Structures are given as structure tokens and as C-alpha cells.
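Chain and residue survey
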2 protein chains.
Amino acid sequence: VTGGRFKGKVKIVGAGLIGTSIGLALSKQGVSVYLEDLSPATQRLASEYGAGEEFFEGVNPDLVIVCVPPEVTARLVKAELQRHIQATVIDVSSVKSPILDELAAEGADLTRYLGTHPMAGRERGGAVSGRADIFIGRPWVIAINSECSVERVNDVEAMILDLGAQPIRMSAKEHDRAVALVSHVPQVVSSLLAARLVGASGVELAGQGLRDTTRIAASDPKLWVQILGANASEVEQVLVSFRDDLDTVIDALGNISGQGSLMALDRLIGNGNRGVEQLPGKHGSRKSDYQTFIVMIDDRPGELARLFAEVGEIGINIEDMKLEHSPGAQIGLVELSIAPKSADRLQAELLERGWRFAG
Amino acid sequence: VTGGRFKGKVKIVGAGLIGTSIGLALSKQGVSVYLEDLSPATQRLASEYGAGEEFFEGVNPDLVIVCVPPEVTARLVKAELQRHIQATVIDVSSVKSPILDELAAEGADLTRYLGTHPMAGRERGGAVSGRADIFIGRPWVIAINSECSVERVNDVEAMILDLGAQPIRMSAKEHDRAVALVSHVPQVVSSLLAARLVGASGVELAGQGLRDTTRIAASDPKLWVQILGANASEVEQVLVSFRDDLDTVIDALGNISGQGSLMALDRLIGNGNRGVEQLPGKHGSRKSDYQTFIVMIDDRPGELARLFAEVGEIGINIEDMKLEHSPGAQIGLVELSIAPKSADRLQAELLERGWRFAG
């Protein structure tokens with residue numbers, strides 16, 4: 001028990017991945033957590049995992065965290081506001097405006113409600129996948145609701161900080177627009193790209209580029225249908241602007257010898273260059289803040305260890321790394337990203353120790 | 001000098017990244033290599049790097065490798081066929097049908113020509129980026145040309161094997177269709193996705209999914225305009241089918257409460273699941289052949305070394321790895337991909353040694 005900034009009794013409604021993970025993390029901090037789930041078996045399972053006690057009538061929580069699928073969130077938030085008339089009630093669903101709108105329309109007590117969104121999904125769901133540490137270092141959005149009192153907002157923020165996450169305040173609308181851009185549209189685009197491979201020949205020529213662009217296409221359709229459905233209009237807007245650019249590319253390719261076609265392609269790929277530079281890197285810094293180079297290693301146990309042991313001896317931190325695939329070869333390519341001030345020294349010292357570079 | 005299967009004198013025309021790399025690799029094998037470049041300075045530079053001797057009149061090569069930009073490839077192949085009337089002439093450009101068509105139309109001697117494509121690009125070009133080992137383990141397409149003699153095809157294949165690459169025979173048309181699918185379309189899609197981020201707010205919420213899908217959007221527009229221009233019709237066809245699916249998504253989102261809209265989204269994301277399963281993994285195996293789990297490490301020098309040293313002691317090979325970003329946190333998440341037969345043992349042994357898992 002380490003003890004955190006947040007003090008109070010917490011009730012968690014819905015013991016899935018997020019609910020269980022919050023319960024585990026808060027319990028570790030010594031907070032009293034009470035779990036409630038529609039399924040008595042799930043409720044008991046999460047409790048046995050250490051995510052909190054099973055909820056019982058008579059408990060008066062200070063904070064209720066509703067962790068259920070988007071489509072039933074507003075209904076359960078409203079019910080909890082009525083059941084616990086002193087408590088702050090928050091939810092964690094991945095789309096914020098529709099829930100706020102529905103609560104307002106139904107006359108729920110918005111002075112005690114706050115929408116939030118931890119950016120900490122995992123590919124596998126359920127209580128058994130819960131971990132206390134999935135929030136560490138991740139953004140956790142607090143959707144500003146001007147009716148909610150400052151004290152309640154500060155309490156929720158304290159709880160988020162206790163879980164190791166980074167609270168970010170923005171409006172529900174801003175949030176929904178942002179996740180459409182950084183999460184929902186990339187999912188659609190990756191899925192549609194991967195769908196092109198079904199029944200296609202020549203896939204054996206695929207390299208790392210296709211692998212990277214289609215990795216998230218392996219995600220669960222059932223979950224994504226709900227998310228896309230809840231944020232339909234924001235996702236649609238971004239996809240329409242994507243399609244405008246796509247139409248330009250298709251027109252240029254269909255008339256490739258025509259005036260301006262190459263310029264159009266150059267402009268769009270150049271915009272992509274500028275877009276990718278906007279991305280935050282590790283620790284909030286930008287990608288372009290790092291230098292990368294590729295070390296070749298024999299593809300057998302112990303070689304990665306030897307590489308990282310020597311990097312450790314040299315005393316330079318690796319900001320990012322990536323193991324490149326070499327289909328058919330017994331060789332691995334390790335791309336290292338290094339802070340510019342240290343990159344030259346690391347490369348020189350590795351070279352001296354006999355490492356070979358490929359990229 | 002190790003000596004390879006291929007015997008003969010080689011002339012390389014164009015001392016850029018690929019030409020210089022081939023020259024370095026063949027020279028290492030003891031093959032006599034002669035370099036020619038439009039730029040005398042580039043020609044001499046590549047030679048000084050060890051990629052071969054500078055070409056001079058009187059040399060009679062057995063094999064000429066034309067390594068110049070796509071738009072001038074056919075012209076130079078034809079010229080080399082005429083200059084060296086015994087030699088096999090091959091090219092390495094990334095699109096194959098237009099070159100073969102142009103040579104046929106101009107009456108070039110196709111009995112001595114073979115189009116090839118090493119799938120071994122690097123982000124940086126030029127002689128100074130050349131490395132002997134960039135072909136190791138990569139596919140290298142031989143575009144079948146029925147007029148070329150079996151002996152010449154076998155010689156070229158021997159040279160490809162000497163460079164450590166994996167020769168794959170297919171028709172020029174099949175090649176162009178395959179690279180449209182696995183390389184050119186992913187580039188366009190990634191660029192258009194990244195372009196959405198220009199001037200957008202909320203990018204600080206981005207996670208690993210957006211980072212992966214937009215990584216290749218950092219590629220050079222000048223190079224890609226040429227590649228897309230040369231393979232315009234194949235790329236267009238795949239993009240049109242992408243747009244058909246995109247239209248379906250946009251229609252479904254625009255009428256999300258309408259009959260069938262959720263089913264359409266479910267079907268398209270499900271197709272993405274099936275597509276991504278087609279991808280070859282490392283050593284030609286499929287992605288789904290591996291199990292993954294995420295190890296948490298403190299983000300400081302030496303921690304990765306300690307992890308990989310212990311994995312080495314346990315004696316299990318890592319098939320793939322990925323360092324996840326934790327913006328703002330001093331913690332790193334390392335995703336390891338492991339052959340299923342070893343995954344449980346590795347996880348159990350790491351757990352015993354005190355490592356924590358996150359995902």
C-alpha cells in the first residue's frame with residue numbers, strides 16, 4: 001500500500017478490462033474499492049483477482065466509475081447518479097459527446113457527472129486481462145463539463161494521477177474529434193488496406209511497410225462497430241476529407257501523362273511527410289527528435305542480449321527500437337532510435353566493437 | 001573473398017544505392033565489377049568505396065546490371081544491349097511491365113534481357129548509403145521473359161543467391177500487380193492518413209496504432225512520384241477497390257441508425273482481420289504463428305540489456321520485438337513475439353525472475 005492523492009470510497013460498475021484494471025490499481029494504493037457487475041460470476045472473479053470487494057447495499061461511495069460498453073453507459077451513469085445521491089459519477093467510454101447529450105436530455109444531475117477516457121486499451125478484454133499498470137504514462141482525457149464542481153474535477157484528476165496516467169482536459173467535442181483522427185480513422189484505413197490482401201497473390205513480396213500499416217487491422221470487429229457507431233459523424237468527416245485526397249490520387253493516376261498529375265502526387269505525399277512530423281514520440285517528444293540506425297545481428301538466442309549489454313556498457317539510452325523481418329534469412333535487423341547528442345558516439349563505439357550496420 | 005555460384009565479369013550502370021550495394025557485395029565474392037555512372041565523381045566515389053573498378057572501353061562484361069531511375073531504365077538497357085553484344089543485361093527498377101513493353105516496341109534483343117527487382121530499398125539513397133548486405137534475406141523478383149535463354153536466367157539467379165537474396169520468378173505483370181498491392185498502395189494510404197494530421201488538434205492523444213500506420217508516410221515524395229507514375233494503372237485499380245469499401249463505410253456512418261449499417265462495418269473490419277492473416281512473418285511464417293506478450297522495463301540504460309541477457313540465458317529466440325511508447329512516463333513496454341511452443345516457458349521463467357508483464 002503506497003497511498004495516493006485521492007482519498008475516498010470507490011464503486012466500479014462493470015468488471016471488464018478497464019474496470020478491473022482500475023480496481024487493481026486503486027486497491028494497491030489502499031483505496032476501498034467495491035465492484036458491481038451484471039454477471040455475479042464476473043463480479044466475484046474480479047474481486048478474487050484483487051480488484052476490490054464485491055459491492056453490497058449500504059455502501060456509500062464517494063466516486064462511482066462506470067466501465068461498461070458505450071451503448072449502455074449513459075443509462076448506467078444516470079442510474080448511479082440516482083442511487084448514490086452524494087457521489088461523483090464518471091464513465092470511461094471511448095466516445096464522450098453522445099453520453100453527455102443523452103444525460104442532459106434525460107435531466108440527469110450533471111453537477112456530479114464527469115466523462116473521462118483513459119487511452120489505454122488492450123487487444124484482449126475481460127477481467128482476466130486486467131492489470132494495475134495499463135494506465136501508466138498514458139493520456140487520460142477529462143471531458144470538461146462546466147456544470148461539474150471544481151472540487152469534484154480535482155478529485156477525479158487526483159485519482160487519474162494516482163494510476164500513473166496523464167490527465168488532459170478538453171471538451172467532449174474536442175475529444176471525439178481527436179479520437180476520430182488519431183484512433184478511429186486509422187483503424188478504418190488499416191482495415192480497408194488489409195482487406196485488399198484477401199485472396200490476392202504476390203503477398204510474399206510484403207515488407208515491413210505493409211506489416212506496420214496493417215497491424216491494427218487485426219482488432220476485434222465487434223468492439224469497433226460499437227466505437228465507430230458512437231462516433232459516426234466525427235469519423236465520417238475525417239474519412240470524407242481522406243476520400244477527397246484519394247479521389248485526387250486516383251484521378252492523377254488515371255491520367256498520369258496529363259498536366260499537373262505528378263505535381264498532385266508530390267503535394268499529397270509531401271503533406272504526409274508534414275503530418276507524420278506532428279506525432280509525439282516517446283516522453284512527448286517528436287519522432288524527428290531522434291536519430292535512427294540499423295544494426296545487423298545473427299538471428300539466434302543471445303545476440304540481442306549481447307547487443308543491448310554492450311549498449312548498456314556504453315551507457316546510452318535507447319529511445320525506440322524495432323526488429324526488422326528478414327524473410328528466409330537467419331539475420332535480424334534492429335533499428336535503434338537514439339537522442340541526437342548520443343547517436344554518433346553510440347554508432348562509433350558499436351562499430352569499434354565489431355557490430356555491422358545496415359541502414 | 002568467399003567465392004560464389006556466379007562466375008563472370010559484371011558491369012554496373014548507375015552507382016546509386018542499389019548499384020553501389022550490388023558492386024560491394026559482388027566484389028566481396030571476388031567477382032570483377034566495373035562501374036559506370038553519368039557523373040564521373042559518383043563513379044569514382046563508388047569505386048573508392050570498394051564497389052568495383054571504374055569502367056573503361058575494352059572491357060567485355062558477361063552481365064550488365066542497369067541501376068538507374070525507372071524513367072531512364074529502358075533507354076539505358078537498350079543502349080547496353082547494343083554496346084555489349086554478348087552480355088546479359090538486367091535492370092533492377094521497381095516497376096517491370098512498362099520497361100519490357102518499351103524494349104519490345106523498340107525492337108531490343110530480348111533474348112539477352114531480364115527484368116529484376118530486389119525488394120531492398122532504403123530510405124536514404126546514393127552511393128554513400130550503399131552496403132553489401134542490404135539484400136540478405138530479401139525477396140528479389142526475376143520477371144519471366146520467355147525469350148531469354150534458360151542459361152542466362154540461371155546465371156542471374158546464381159548472382160542473386162550469391163548476394164544472399166531469395167529469387168522469386170513471376171511475370172512482369174504479376175510483379176507490378178503485387179508491388180502495387182504490398183508497397184505502392186500502402187504508401188499512398190499511409191501518406192493520405194498522415195496528411196490528416198496537418199494543422200489538426202488533439203494529436204497528443206495519438207498512440208502506437210497511428211504511429212505504425214503512418215511510419216512510411218515519412219518517405220521521399222520525389223522517389224514516390226516516379227514509382228507511382230510508372231505503375232499508375234495497377235495502383236489505380238487497387239485504390240479504386242479501396243475507395244469502394246471506403247464509400248461503403250462513409251455511407252454506413254452517414255446513416256448509422258439505418259438498416260444494415262452496423263453489419264457493413266462489421267463485414268469490412270472482419271475482412272481486414274482476414275487480410276492481415278495473409279501476411280508472411282519472419283522466415284516466411286505467418287504472423288499468427290507467434291505469441292506475443294509485453295514486458296515492462298524501467299526506461300534507463302542497461303534495462304533492455306538485462307532483459308535480453310536473461311532471455312538469452314533461458315535460451316529462447318525472440319521472433320519479433322517492439323518497444324512501445326509511454327508518453328511522459330519513465331517506463332518502457334517491450335512487446336516480444338515468441339514461437340508458441342516456447343512462449344509459456346519464457347513467460348513463466350521471466351515471471352520467476354521478477355519481470356512484470358503489461359499486455
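First, a word on scope: everything that follows refers to the structure included in this document.

Cut-offs used in this document
Residues numbered from 1 in each chain as written. Chains lettered and ligands numbered in written order. Predicted model: local features only at pLDDT ≥ 70, side-chain atom pairs only at ≥ 80, totals over all residues. Heavy atoms only, no water. Helix = DSSP H or I, 4+ residues; strand = E, 2+ residues; numbered from the N terminus. Contact = heavy atoms within 4.5 Å. Salt bridge = Lys/Arg side-chain N within 4 Å of Asp/Glu carboxyl O. Buried < 20%, exposed > 50% of the residue type's maximum accessible area, 1.4 Å probe, protein only. Phe/Tyr/Trp six-rings, centres within 6.5 Å; stacked < 30°, edge-to-face > 60°. Lys NZ or Arg CZ within 6 Å of the ring centre and 35° of its normal. Least-squares fit on C-alpha atoms with pLDDT ≥ 70 in both. Arc of directions from axis to C-beta. Patch = residues over 30% accessible without salt bridge, like charges linked within 9 Å, V, L, I, M, F, W, Y side chains within 5 Å. Areas by Shrake-Rupley, 256 points an atom, 1.4 Å probe, with all protein chains shown as cover. Core = buried A, V, L, I, M, F, W, Y, C linked by side-chain atoms within 4.5 Å. Buried area = accessible area lost by both parts, 1.4 Å probe. Nonpolar A, V, L, I, M, F, W, Y, C, P; charged D, E, K, R; others polar. Polar contact = N/O pair within 3.5 Å; in protein donor to acceptor, adjacent residues only side chain to side chain.

1. With respect to the environment of M170(A)
Tracing the sequence through the fold places M170(A) in strand β8 (residues 166–171). Taking the C-alpha atoms as reference points, M170(A) and A143(A), separated by 27 residues in sequence, lie 5.3 Å from one another. Setting aside chain neighbours within four positions, we find M170(A) in contact with V141(A), I142(A), A143(A), I144(A), H175(A), E204(B) and L205(B).

2. Description of the pattern of salt bridges
Taken as a whole and assessed by the stated rule, the structure comprises 42 salt bridges over all chains. Here R83(B) and E36(B) are joined by a salt bridge, their closest N and O atoms 3.2 Å apart. Separated by 47 residues along the polypeptide, R83(B) in helix α3 (residues 70–83) and E36(B) in strand β2 (residues 32–36) bring together distant segments of the chain. Overall, the relative accessible area of 17% leaves E36(B) in the buried class. Taken together, the shared-partner salt bridges in this structure form one network comprising K11(A), E36(A), E57(A), E80(A) and R83(A).

3. Let's talk about the packing of aromatic side chains
For the structure on display, the rule yields seven aromatic pairs over all chains. Considering the side-chain rings of Y34(B) and F56(B), the 6.1 Å spacing of their centres and the 80° angle between planes classify their relative orientation as edge-to-face. Of this pair, Y34(B) sits in strand β2 while F56(B) is found in the loop between β3 (53–54) and β4 (63–66), placing the two residues 22 residues apart along the sequence. Using a relative accessible area of 43% as the deciding quantity, one classes F56(B) as partly exposed. Across the ring face of F55(A), the terminal group of K11(A) is positioned such that the distance to the ring centre comes to 4.0 Å.

4. Let's talk about the relation of the copies chain A and chain B
Overlay of chain A on chain B (RMSD 0.1 Å): rotation 180°, translation along the axis 0.0 Å. Both chain copies can therefore be described as sitting about a two-fold axis. Across chain A, the smallest distance between a C-alpha and the rotation axis is recorded for T213(A), namely 2.0 Å. A symmetric contact is evident, with 100% of the interface residues of chain A recurring at the interface of chain B.

5. A word on helix α4 (residues 97–105) of chain B
All names here are of chain B. All of the buried residues in α4 are S97, I99 and L103. One side of α4 carries all its buried residues, which in axial view fall inside an arc of 165°. Those residues of α4 that are exposed and aimed more than 90 degrees away from the buried face are D101 and A105. In the core, the buried residues of α4 are packed alongside α3, β5 (88–91), β6 (113–118) and α6 (172–195). Phi turns positive one or two residues past the end of α4, at G107, with a value near 70°.

6. Considerations on a nonpolar patch on the surface
Residues and elements named next belong to chain A. There is a patch of nonpolar side chains on the surface, built from L45, Y49 and V128 and spanning about 270 Å² of accessible area. With respect to the element layout, L45 can be found in helix α2 (residues 40–48). For L45, a relative accessible area of 35% translates into the label partly exposed.

7. Some thoughts on the nonpolar core
Among the nonpolar cores identified, the biggest contains 81 residues, and L205(A), L239(A), F242(A), L205(B), L239(B) and F242(B) are the most heavily contacted of them. Once residues within four sequence positions are removed from consideration, L205(B) is found in contact with M119(A), P139(A), V141(A), I168(A), M170(A), H175(A), A178(A), V179(A) and V182(A). Grouped together as the second largest cluster of nonpolar side chains are 42 residues, F293(A), I338(A), L350(A) and F357(A) included.

8. Remarks on the interface of chain A and chain B
Tallying the contact residues gives 127 residues for chain A and 127 residues for chain B. In this assembly, chain A packs against chain B so that about 11400 Å² is buried in total across both faces, 67% of it on carbon and sulfur atoms. Counting across the interface, chain A meets chain B through eight salt bridges. In this structure, D212(B) engages R215(A) in a salt bridge whose closest nitrogen and oxygen atoms are separated by 2.5 Å. Per element, the largest residue contribution to the side of chain A that touches chain B is 16 residues, and it comes from helix α9 (residues 232–254) of chain A. Looking at the side of chain A that touches chain B residue by residue, the class counts come to 68 nonpolar, 34 polar and 25 charged.

9. Examining the side chain of N231(B)
All names here are of chain B. Mapping N231 onto the fold places it in the loop between α8 (221–230) and α9 (232–254). Classification of N231 by relative accessible area gives buried; the value is 3%. Among the polar contacts listed, one links the side chain of N231 to the side chain of H184, at a separation of 3.2 Å. If near-sequence neighbours (up to four positions away) are discounted, N231 is found in contact with V95, D176, V179, A180 and H184.

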